[in-house]
Amino acid sequence: MRIGTTGNSLFNRNQRSLQSALMRLSTAQRINTASDDASGLAISEQLSSRVRGFRTAGRNVQDAMSAMNVSDGAGERVTDILQRQRELALQAGNGTLSDRDREMMDREFQQLNQEIEEISQNTEFNTQNVAQGSDLTDGNQEISAGPDGGDTIAIPEVDFRPETLGMDTATIATTADAQEALQSIDAALEQVSDQRSEIGSTINRFSTAISTIQTAETNTTAAESAIRDQDMARGIAQLTQEQLLSESSTQAFSLFREISSDHIMNLLQ
């Protein structure tokens, strides 16, 4: 009985080893359960968690970059409008024009101011305003740019409203108003330029962060793969070895049972 039990144990152990080898090849993973490699599994899970963190951080930064591109697009439109207003102010300052001429030009000037207001109010990304100093661009928001949440990038304040730019009361109805409006427009253009410069710097930082995150994700994925993934050539060799051992143990066990039966029959005769 003791020999039979040992034979069964050896047979079962060989079968388990064969099944484990088949599992590793079918899943292409060396570690499928904790019993395969307890410490390796723990390290692999930690690395896998960081890989997922890098992917999430990458999406965060990519979304923030898209939002900043929307803000910059709004700034570009505001700049074009201010340049047109500057042309009107220069024309309105011409002494050869009549008050009626200036009145007609001021109508266009005020409509352009209203257009700046519309741009600042309606420029949104994912339902959040990104051009009037609120929501995502209120100057107090940060983007998580790392797998652990500690690495953040600040979103700059962006505000293109006419009152912020000092254009809400500007007019070119008179020569004096036109001269004053020119100064307001130049100051507004400088403000918009400064904000767009900060937006551009932030976009560049986002771009660099994305490259860094992608590199870190690739390296971490490779490290996790080196621990968890199955070496297919080695796995096939091991499977072949286990199959041979299984076949040998099966034949040996069958031969043992035949010998045992013959031995028992001889004792009974």
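What you see is a predicted model; the values in this text were computed from it and never measured. Position numbers for residues count from 1 along each chain, tracking the sequence in the order it is written. Residues qualify for local features only when their pLDDT is at least 70, as the model is predicted, and side-chain atom pairs are given and counted only at 80 or more; totals for whole chains, interfaces and linings, by contrast, use all residues. To get the side-chain values, all heavy atoms of the structure are used, and hydrogens and water are removed first.

Asker: I'd like a rundown of the overall build of the chain, residues and numbers included.
Answerer: Across its full length, the chain carries six helices and four strands. Taken from N to C terminus, the helices and strands of the chain fall in the order α-α-α-β-β-β-β-α-α-α. Burial here depends on accessible area, computed with a 1.4 Å probe over protein chains only, as a share of the maximum for the residue type. Under 20% is buried, over 50% is exposed, and the range in between is partly exposed. Here the chain, with 269 residues, has 33% of them falling under the buried criterion. Only heavy atoms matter for contacts: two residues are in contact if any of them lie within 4.5 Å across the pair. A fraction of 74% describes how many contacts in the chain between residues 6 or more apart in sequence connect residues 24 or more apart. Every accessible area reported is derived by Shrake-Rupley at a probe size of 1.4 Å, with residue values counting cover from the shown protein chains alone. Summing over all exposed atoms, the chain offers an accessible surface of approximately 15500 Å²; the carbon and sulfur share of this is 48%. We count a stretch as a helix when DSSP gives it H or I for four or more residues in a row; a strand needs E for two or more, and each element gets its number in order from the N terminus.

Asker: Outline the side chain of Ser-71, supporting the account with residue identities and numerical values.
Answerer: In this structure, Ser-71 sits in helix α2 (residues 38-92). In this view, Ser-71 contacts Val-130, Thr-137, Val-158, Phe-160 and Ile-199; residues no more than four positions away in its chain are not counted.

Asker: Account for helix α3 (residues 99-122), with residues named and values stated.
Answerer: An expected span of 1.5 Å times one less than the residue number is assigned to each helix. Between its first and last C-alpha atoms α3 spans 34 Å; for 24 residues at 1.5 Å apiece the expected length is 34 Å, and the two agree. Those residues of α3 lying buried are Arg-102, Met-105, Asp-106, Phe-109, Leu-112, Asn-113, Ile-116, Glu-117, Ile-119 and Ser-120.

Asker: For the environment of Gly-93, give the residues involved together with the corresponding values.
Answerer: Within the fold, Gly-93 resides in the loop between α2 and α3. In this structure, the C-alpha to C-alpha distance between Gly-93 and Ile-172, residues 79 residues apart in sequence, is 8.0 Å. When residues no more than four places from it in sequence are discounted, the contact partners of Gly-93 are Thr-175, Ala-178 and Gln-179.

Asker: Outline unusual backbone geometry, listing residues and values.
Answerer: Its identity as a non-glycine residue notwithstanding, Asn-126 has a phi of 55°, on the positive side. Structurally, Asn-126 can be placed in the loop between β1 (124-125) and β2 (128-129). Judged by its relative accessible area of 60%, Asn-126 falls in the exposed class. Despite not being glycine, Asp-135 shows a phi value in the positive range, around 55°. Here Asp-135 shows up in the loop between β2 and β3 (142-144).

Asker: Any chance you could break down the environment of Glu-118 for me, citing the residues and the numbers?
Answerer: Mapping Glu-118 onto the fold places it in helix α3. Sequence-wise, Glu-118 and Pro-162 are 44 residues apart; in three dimensions their C-alpha atoms are separated by 9.9 Å.

Asker: So what's going on with the pattern of salt bridges? Residues and values would help.
Answerer: A pairing counts as a salt bridge when a side-chain nitrogen of Lys or Arg comes within 4 Å of a carboxyl oxygen of Asp or Glu. Here the structure, examined in full by the defined rule, presents twelve salt bridges. Salt-bridge contacts for Asp-186 lead to Arg-86; the nearest nitrogen and oxygen are separated by 2.7 Å. One end of the pair, Asp-186, is in helix α5 (residues 175-228); the other, Arg-86, is in helix α2, with 100 residues separating them in the sequence. Looking at Asp-186, the relative accessible area reads 33%, which means it is partly exposed. Overall, Arg-86 belongs to the partly exposed group, its relative accessible area being 26%.

Asker: Requested: an account of a negative patch on the surface, with residues and values cited.
Answerer: By definition, no residue in a patch forms a salt bridge, and every one has over 30% relative accessible area; like charges are joined within 9 Å, nonpolar side chains (Val, Leu, Ile, Met, Phe, Trp, Tyr) within 5 Å. Here the positive residues are Lys and Arg and the negative ones are Asp and Glu; neither His nor the chain ends is included. Charged groups are reduced to one reference atom each: NZ for lysine, CZ for arginine, CG for aspartic acid, CD for glutamic acid. Together, Glu-157, Glu-190, Asp-194 and Glu-198 line one region of the surface with negative charge. Here Glu-157 shows up in the loop between β4 (152-154) and α4 (162-165). Classification of Glu-157 by relative accessible area gives partly exposed; the value is 45%.

Asker: Talk me through the nonpolar core; I want residue IDs and the actual numbers.
Answerer: In terms of nonpolar packing, the biggest core is built from 46 residues, with Leu-82, Ile-172 and Phe-206 touching the most fellow members. Breaking this core down by element, the ones donating at least two residues are α2, α3 and α5. Once residues within four sequence positions are removed from consideration, Leu-82 is found in contact with Ile-116, Met-167, Ile-185, Ala-188, Leu-189 and Val-192. Take the buried Ala, Val, Leu, Ile, Met, Phe, Trp, Tyr and Cys residues and link them wherever side-chain atoms come within 4.5 Å; each set so joined is a nonpolar core.

Asker: Break down the side chain of Ser-120 for me, citing the residues and quoting the values.
Answerer: One can find Ser-120 in helix α3. Given a relative accessible area of 0%, Ser-120 falls into the buried group. A distance of 2.8 Å separates a polar side-chain atom of Ser-120 from the backbone oxygen of Glu-117. Pairing of N or O atoms within 3.5 Å defines a polar contact, subject to two protein rules: one partner must be a possible hydrogen donor and the other a possible acceptor, and residues neighboring in sequence count only if both atoms are side-chain atoms.

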